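Secondary and tertiary structure notes
What follows is the residue order along each chain.
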Amino acid sequence: TLAIYRRHPVLIRHGDPDGNPWGISFMRMIDMSNDSGLFHTREELESDGWVLDGNVFRRGGNAMLPLYEGKMGHQFDHHFATFHGIGDDDIIPNSDRGPTAVVQPRYWIAASVTAERQARRSWGTTACLLGHRRVARSTDERTSIATLLPWGPASYGWILSTGPDVTSLATLVACFNSFAHDYCLRNALSQASIPQGTSEQIPVPLPTRVFTACAWDARLTVADWVKDRVRELTYTSWDMAPAARDLGDAGPPFVWDAERRAALRAELDGAFFHLYGIDRVDTEYILSTFPVANRRDSDLAHRVLDAYDRIRTAIESGESFVSILDPPPGHGRRHQE
């Protein structure tokens, strides 16, 4: 991890002593043990006259908001799993990928309490949250797991990045989910959870690197190139519309298309290997260190390496990178209004 950081001046650690150009601070909003007195169950709320609207309970002008726990989300996926009870094992994968899909938590938090907790930090946006999961192991399929979440309460299972605007958050969520970042994190990890201090030390590209012209498509900044792909990956239901609007998207949510999502992610991974300054041989090696991911998807390494090579060709030729996706990223199939 440190070797990668030291030999590439385009990278900076979150907790760099020379400053924090991303404007990030980290926050843990709701502690599952110390804050348990704030939790309300579905049974309790329904018996007290609250009415469930999607995954928000309402009564009069008041609201109880769903508490997003770390296990409910995955990479670029804010509704990965849903609770059907309050036990630790009462969680199942979410099979509903429709535009109105929401996941149910096991606990709800008063909107007023949520606002008080959020007021402890300065937020660049109230359209969404960026969280990366705290519980992870270096032997898991993936160690760095991040997603954009609907604005609201999030448990200690998420380390929240506060400060940047939505475009910056979109860039960072793509970075956190990249194999380049994941490789750095898992080599710095010696326990079954990610300490905040460890997360702060993992290198990420400098903002000056991503808000300037893209080396493989001079028509765009790196952030804009990344944003089109992240928007399509994260905006798959209406509850992420506020974030999509801040990213310049006025349309309905994108259809969940597993094959297209894999291609989008491969292009992002190829790009971040270049942004981290990692050559082709090391890229191939890093991909080989994720055996579980490769067993689950035998074409994974091939897709990422193909994207890496096509980006390198664009850089060397001076011609704009052309995605293999048709329609291009950010223009995938959508649900109806």
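My aim in this report is to walk through the structure given alongside it, one point at a time. Being a predicted model, the structure only gives us computed values, none of them experimental. (Residues numbered from 1 in each chain as written. Predicted model: local features only at pLDDT ≥ 70, side-chain atom pairs only at ≥ 80, totals over all residues. Heavy atoms only, no water.)

Describing helix α10 (residues 258-275)
- The end-to-end C-alpha separation of α10 is 26 Å, in line with the 26 Å expected for 18 residues at 1.5 Å each.
- N-cap assignment for α10: the residue whose side-chain oxygen lies 3.2 Å from the backbone N of E259 is D257.
- G277 occupies a position one or two residues after α10 and carries a positive phi of about 70 degrees. (Helix = DSSP H or I, 4+ residues; strand = E, 2+ residues; numbered from the N terminus. Expected span 1.5 Å × (residues − 1). Polar contact = N/O pair within 3.5 Å; in protein donor to acceptor, adjacent residues only side chain to side chain.)

Examining unusual backbone geometry
- Put simply, D326 and P327 share a cis peptide bond, and its omega is 5 degrees.
- Within the secondary structure, P327 is located in the segment after α13 (300-317).
- For F76, which is not glycine, the phi dihedral falls at a positive 55 degrees.
- Assignment of secondary structure puts F76 in the loop between β5 (62-66) and β6 (81-83).

Regarding helix α8 (residues 222-234)
- Helix length check: α8 (13 residues) gives 18 Å between terminal C-alpha atoms against 18 Å at 1.5 Å per residue, within 8%.
- Along α8, 11 of the 13 residues are buried, which leaves the element largely enclosed by surrounding structure.
- Taken residue by residue, α8 has V222, A223, W225, V226, K227, R229, V230, R231, E232, L233 and T234 as its buried positions. (Buried < 20%, exposed > 50% of the residue type's maximum accessible area, 1.4 Å probe, protein only.)

A look at the pattern of salt bridges
- In total, this model carries 26 salt bridges according to the counting rule given.
- Here R117 ties to D35 by a salt bridge, and the two come within 3.0 Å at their closest N and O atoms. Remark: D35 occurs in the loop between β2 (25-27) and α2 (42-47) and R117 occurs in helix α3 (residues 111-118); sequence separation between them is 82 residues.
- For R117, a relative accessible area of 10% corresponds to the buried category.
- Between R106 and E69 there is a salt bridge, and its shortest N-O distance comes to 2.7 Å. Linking R106 in the loop between β7 (91-93) and β8 (108-110) with E69 in the loop between β5 and β6, this pair joins segments that are 37 residues apart in sequence. (Salt bridge = Lys/Arg side-chain N within 4 Å of Asp/Glu carboxyl O.)

Brief notes about the side chain of S155
- Checked against the element boundaries, S155 lands in the loop between β10 (146-150) and β11 (158-162).
- When residues no more than four places from it in sequence are discounted, the contact partners of S155 are I30, M32, L67, Y68, E69 and G70. (Contact = heavy atoms within 4.5 Å.)

Here's the deal with the environment of A192
- Structurally, A192 is set in the loop between α5 (179-186) and α6 (196-201).
- Taking the C-alpha atoms as reference, A192 lies 4.8 Å from R137; in sequence the two are 55 residues apart.

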